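The lines below spell out each chain.
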Amino acid sequence: MKYLILMGSPRKNGNTQALLTPLMEELAESGAEVDMIWLHDKQINPCIACRSCQKDWSFFGCIHGDDMQEIFDQTLASDCIILATPIYSWFCTPPMKALLDRWVYGMNKYYGDEIGPSLWAGKRCAIVTTCGYRPEKGADLFEEGIIRYCKHSKLTYVGMLAARHASYKTEFLTEEKIQQARDFGRQLVARSKEGGKA
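Going along each chain's sequence as written, the residues are numbered from 1 onward. Where totals are concerned, whole chains, interfaces and linings use all residues; where local detail is concerned, this predicted model gives features only for residues with pLDDT of at least 70, and gives and counts side-chain atom pairs only at 80 or more. Hydrogens and water molecules were not included; the side-chain quantities draw on all heavy atoms of the structure.

## Digging into the overall build of the protein
Moving on, step 1. Only DSSP runs of H or I with at least four residues qualify as helices, and only runs of E with at least two residues qualify as strands; both kinds are numbered from the N terminus onward. Summing up its helical and strand segments, the protein has 6 helices and 5 strands in all.
Moving on, step 2. For the protein, the sequential pattern of α-helices and β-strands runs β-α-β-α-β-α-β-α-α-β-α.
Moving on, step 3. Values of the radius of gyration come from C-alpha atoms, whereas the globule rule sets the reference at 2.2 Å times the count of residues to the power 0.38. Whereas a compact globule of 198 residues would reach a radius of gyration of roughly 16 Å, the protein reaches 17 Å, a difference of no more than 12%.
Moving on, step 4. Across its three principal directions, the C-alpha atoms of the protein cover 55 × 35 × 25 Å.
Moving on, step 5. Burial status across the protein gives 46% buried among its 198 residues.
Moving on, step 6. The criterion used for residue contact is that any of the two residues' heavy atoms lie within 4.5 Å. Taking the contacts inside the protein whose residues are at least 6 apart along the sequence as the reference set, 76% of them involve residues at least 24 apart.
Moving on, step 7. For every accessible area listed, the method is Shrake-Rupley and the probe measures 1.4 Å; residues are considered covered only by the protein chains on display. Accessible surface, the protein as shown: approximately 9700 Å² in total, 50% of it carbon and sulfur. For the exposure calls, accessible area comes from a 1.4 Å probe over protein chains only, and a residue counts as buried if that area is under 20% of its type's maximum, exposed if over 50%, partly exposed in between.

Here it is as structure tokens:
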């Protein structure tokens, strides 16, 4: 399995990266290939809904000359996509939102004169997120959005790892969270073999 992590945090040493580290270690120990793209390091222009990408069903086809073509290629070369982001106002960070908007058009050829294919149908998608509220109140709306996004795009949603940081005065990464991240990694690997949800 090849995992592609799309990192939406602006902080290279923040909570989301801390939570990802034991997960990535678990995936690597299973023999999986793991790549990460820091979205804040990339130029990702917002989608303008021009539908130029719908003219040819064989490739991404966006008019923007930014870094999305590179991300598109890496996405198609992966088996599982992991969306890693802190929650800002109950949703993902701005570069990840721009990514999701560009993906939904360029990957899904549904919006032209005829309905075409989903270029990434069957790929798996997971979430790793950190938030200030309890996950059931902090990350629930983002998860629901991604579940619908996956259904629309014909992706297989395989679950979410969410961790709370209740206060800047408290330690974020505890042994319990490290274990939860490792467990989630093992579940992703196991479910990839079974074809189910983590």
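So much for the structure itself; the text now carries on.
## Digging into the nonpolar core
Moving on, step 1. To define a nonpolar core, start from buried Ala, Val, Leu, Ile, Met, Phe, Trp, Tyr and Cys residues and group those joined through side-chain atoms within 4.5 Å. In terms of nonpolar packing, the biggest core is built from 32 residues, with Leu-6, Ile-71, Leu-83, Leu-100, Trp-103 and Ile-146 touching the most fellow members.
Moving on, step 2. Those elements giving two or more residues to this core turn out to be strand 1 (2-7), helix 2 (68-76), strand 3 (80-86), helix 3 (94-106), strand 4 (124-131), helix 5 (140-153) and strand 5 (156-164).
Moving on, step 3. Top element by residues in this core is helix 3. It accounts for 6 residues.
Moving on, step 4. Contacts of Trp-103, omitting those with residues within four sequence positions, involve Leu-6, Met-68, Ile-71, Thr-75, Ile-81, Leu-83, Asn-108, Trp-120 and Tyr-149.
Moving on, step 5. If you look at the next biggest cluster of nonpolar residues, it comprises 22 residues, including Leu-19, Leu-23, Ala-126 and Leu-161.

Purely spatial values, then, with no claim about function.
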